[in-house]
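# Analysis of the macromolecular model
Take a look at the letters that make up each chain.
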Amino acid sequence: MKQKNLYQKNTNYSKIHTQKHTHTHTHTHTMLAASTKNTLRLLQKSSSTTTLCNGSTTSSSFNSLLSLTAQINRKNFSTTVPTAQSSNGNQQTLKQRFSEIYPEKAASIKAFKKEYGKSVIGELTLEQAYGGMRGIKGLVWEGSVLDPEEGIRFRGYTIPEITAKLPKHNDSPLPEALFWLLLTGEIPTMEQVKNLSADLAARSKLPKHTVDLIDSLPKDLHPMAQFSIAINSLESESKFSKAYANGVNKKEYWDYCYEDCLDLLGKLPVIASKIYKNVFKNGEPIGEIDMNADYGSNLAKLLGFKNNFEFTELMRLYLTIHSDHEGGNVSAHTTHLVGSALSSPYLSFAAGMNGLAGPLHGRANQEVLEWLFKFREEVKGDYSEASIEKYLWETLNSGRVIPGYGHAVLRKTDPRYMAQREFALKHFPDYDLFKLVSMIYKVAPGVLTKQGKTKNPWPNVDSHSGVLLQYYGLTDASFYTVLFGVARAFGVLPQLIMDRAFGMPIERPKSFSTEKFMQLVKK
């Protein structure tokens, strides 16, 4: 297919989508009936008991349900394993595949809640209530689970496993493949990923009012504020909002949510690149989407790195490893929370991006880089252990923290940091700023351990990402969080689709005043 102008309408896509949409609904209702029967058969199996960690007993049907859920959540496919085929022998689209598998998952969740809904799954302390709710087991997030020692697992796969198993270009996994995995629990074939890439590219056109709005924003407005404004303006395009206003059956919510999510994902490289060119490149044109290219390649091209193949590889890796980090972080939780009110994916994701913009969350990578520049200036090229340690102690003794170190959950070096470090070791081991980061990595954990005020003295993802971008010439640190935001869409949007498919309710935890908590604990 020939390249198309970013703002040229792709008329063929609407016809293709209509055909897919019809097939999807017919197949979904058939699968729902079959999956419900399968779940009921599971519940009717043996009544033998097993003991949970809290001492309560449960029938073995619980184990059957867990087994079924595990099969749906994580099918350990390699790219050589046969994949789902449609009735005419062609490989299925992502939407077709999800429409087949979600009814059985939804039925298993419903049955699981019915039988074990009153089970105690944890305790809550006053310290947690005042401490940002850390450690409270109160959110359902299907795509990833963060282990304090192992790091993030995407549908059961670690980052090294993801980079090895997902379809890739050269050495970097394709983020479109991760999106497929997070939504279905299955590893797609390269052909399926290519089709998904083409689908996203076909959705990249921005409405004129969004283009005009971005161009009208003051250049000194932070790029993340511009990013959020642009995403909010796309509410005019929301298929979900229009369908809801027309009284669509709630069983079809997921379908329209899916369309919004993919429309949004397809448009994000255009929005991000236009903001970048307006703010930092005097409004240079961003060029055209290549309908035959993958997502990372198009993002790199629109940013102005068309012929920089290493930077393109970095974009693929960056988007993949920054995508998802469990559901409790601010951007993921906010997107889920706002979505639970049945706000559209555009409004929900924009809210999540406002959270990502905070210096304690996604904006931390900008702060790390600013600190590194000051660090480099202070030590004047002396990267000895003694010099590094001296400056670290000066930072801590002045009441500041070491940016890029520590994590709310992790208790080891962030695997995302290691993935970026390995990329740097391969492509630019002698880069001055990378050498500084490496020496800090060698010294800082010991200093932080000796200080004794942190539970995790190891680096997180923010400690390294800016260095890679600096090396390739993307030096505008205030834009880095926008790239993080594009990546985060690959993690939070699949969960929005699943939330609607599984009928998740509005989120509404209970709150107390300090006085009420005092009464509660002093009883």
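Below: a short report on this structure. (Residues numbered from 1 in each chain as written. Predicted model: local features only at pLDDT ≥ 70, side-chain atom pairs only at ≥ 80, totals over all residues. Heavy atoms only, no water.)

## Examining the overall build of the chain
Scanning the chain for helices and strands turns up 22 helices and 6 strands. When each of the 523 residues of the chain is scored for burial, the buried share is 53%. In the chain, the proportion of contacts linking residues at least 24 apart, taken out of those at least 6 apart, comes to 76%. On the chain, roughly 24,000 Å² of surface is accessible, and the fraction owed to carbon and sulfur atoms is 54%. (Helix = DSSP H or I, 4+ residues; strand = E, 2+ residues; numbered from the N terminus. Buried < 20%, exposed > 50% of the residue type's maximum accessible area, 1.4 Å probe, protein only. Contact = heavy atoms within 4.5 Å. Areas by Shrake-Rupley, 256 points an atom, 1.4 Å probe, with all protein chains shown as cover.)

## Remarks on the side chain of S144
Secondary-structure assignment places S144 in strand β3 (residues 144-147). We classify S144 as buried; its relative accessible area is 2%. Polar side-chain contacts of S144 include one of 2.8 Å to the side chain of D324. One polar contact links the side chain of S144 to the main-chain amide nitrogen of E326, over a distance of 2.8 Å. When neighbours within four sequence positions are excluded, S144 is seen to be in contact with I152, R153, F154, R155, D324, H325 and E326. (Polar contact = N/O pair within 3.5 Å; in protein donor to acceptor, adjacent residues only side chain to side chain.)

## A look at the environment of F179
Locating F179 in the fold gives a position in helix α6 (residues 175-184). For F179, a relative accessible area of 1% gives the class buried. Through-space distance from the C-alpha of F179 to that of A489 is 9.2 Å; in sequence the pair is 310 residues apart. When near neighbours in sequence (up to four residues on either side) are disregarded, F179 contacts L94, L196, L262, L265, A489, F490, L493, P494 and I497.

## Some thoughts on the nonpolar core
In this structure, F227 and L268 are the most contacted members of the largest nonpolar core, which totals 127 residues. Not counting residues up to four positions away in its chain, the partners in contact with F227 are L268, I271, A272, I275, F349, M353, V482, G485 and V486. (Core = buried A, V, L, I, M, F, W, Y, C linked by side-chain atoms within 4.5 Å.)

## Section: the packing of aromatic side chains
Per the stated rule, a full pass over the model turns up 28 aromatic pairs. Relative to Y102, the ring of F98 lies with its centre 5.4 Å away and its plane at 20 degrees, an arrangement referred to as stacked. Within this pair, F98 and its partner Y102 are both found in helix α3 (residues 94-116), separated by 4 residues, close to a single helical turn. Note on F240 and Y244: the rings are 6.5 Å apart at their centroids and 20 degrees apart in plane angle, and the pair reads as stacked. (Phe/Tyr/Trp six-rings, centres within 6.5 Å; stacked < 30°, edge-to-face > 60°.)

## Structural notes on the pattern of salt bridges
In total, this model carries 19 salt bridges according to the counting rule given. The residue K95 makes a salt bridge to E259 at a minimum N-O spacing of 2.8 Å. You can see K95 sitting in helix α3 and its partner E259 sitting in helix α11 (residues 253-280), a full 164 residues away along the chain. Take K95: its relative accessible area is 4%, and that puts it in the buried class. Note that K239 and D263 form a salt bridge whose closest N and O atoms lie 2.5 Å from each other. Of this pair, K239 sits in helix α10 (residues 239-245) while D263 sits in helix α11, and the two are 24 residues apart along the sequence. On the basis of relative accessible area, K239 is assigned to the partly exposed category, the value being 34%. By sharing partners, the salt bridges in this structure join K95, D199, R203, K239, D255, E259 and D263 into a single network. (Salt bridge = Lys/Arg side-chain N within 4 Å of Asp/Glu carboxyl O.)

## So, the side chain of D294
Position of D294 among the secondary structure elements: in the loop between α11 and α12 (295-303). Looking at D294, its side chain comes within polar contact range of the main-chain nitrogen of S297, at 3.0 Å. Beyond its immediate chain neighbours, meaning those up to four positions away, D294 contacts L174, E176, S197 and R316.

## Concerning unusual backbone geometry
The backbone phi angle of L342 is positive, close to 65 degrees, even though this residue is not glycine. Checked against the element boundaries, L342 lands in the loop between α14 (330-340) and α15 (345-356). With a relative accessible area of 27%, L342 lands in the partly exposed category.

## Quick word on a nonpolar patch on the surface
Together, L126, Y130, F512, L520 and V521 line one region of the surface with nonpolar side chains, adding up to about 460 Å² of accessible area. Of all the secondary-structure elements, those providing two or more residues to the nonpolar patch are α4 (126-130) and α22 (514-521). Relative to the helices and strands, F512 resides in the loop between α21 (480-501) and α22. Take F512: its relative accessible area is 34%, and that puts it in the partly exposed class. (Patch = residues over 30% accessible without salt bridge, like charges linked within 9 Å, V, L, I, M, F, W, Y side chains within 5 Å.)

## Let's talk about the pairing of strand β4 (residues 151-154)
Here β3 runs beside β4; their pairing, made up of 4 bridges, is antiparallel. Considered in β4, the bridge of L146 is made with I152. Taken together, β3 and the strand that follows it, β4, pair antiparallel across an intervening segment of 3 residues. (Pairing = 2+ DSSP bridges.)

## Regarding the state of the cysteines
Defined simply, a disulfide is a covalent bond joining two cysteines at their sulfur atoms. Under the defined criterion, the tally for this structure stands at 0 disulfides. We note that C257 lacks a disulfide partner, and the nearest cysteine sulfur, in C261, lies 4.0 Å from it. What makes C257 buried here is its relative accessible area of 2%. A residue is classified by how much of its surface remains accessible, and C261, at 0% relative accessible area, is buried. (Disulfide = S-S within 2.5 Å.)

## Here we look at the packing of helix α19 (residues 432-451) against helix α20 (residues 462-471)
For the pair α19 and α20, the least separation of the axes is 9 Å and the interaxial angle reads 165 degrees. In terms of axis orientation, α19 runs roughly antiparallel to α20. Along this stretch, α19 crosses α20, giving a crossing that reads as left-handed. On the side of α19, the interface is formed by L433, F434 and V437, while α20 contributes S463, H464, V467 and Q470. When grouped by side-chain class, the residues that make up the contact of α19 with α20 number 4 nonpolar, 3 polar and no charged. (Axes fitted to C-alpha atoms, helices over the stretch in contact; angles between N-to-C directions. Parallel < 35°, antiparallel > 145°, perpendicular 65-115°, else oblique. Left-handed = near helix turned anticlockwise from the far one by under 90°. Nonpolar A, V, L, I, M, F, W, Y, C, P; charged D, E, K, R; others polar.)

That's the geometry; what it means functionally is another story.
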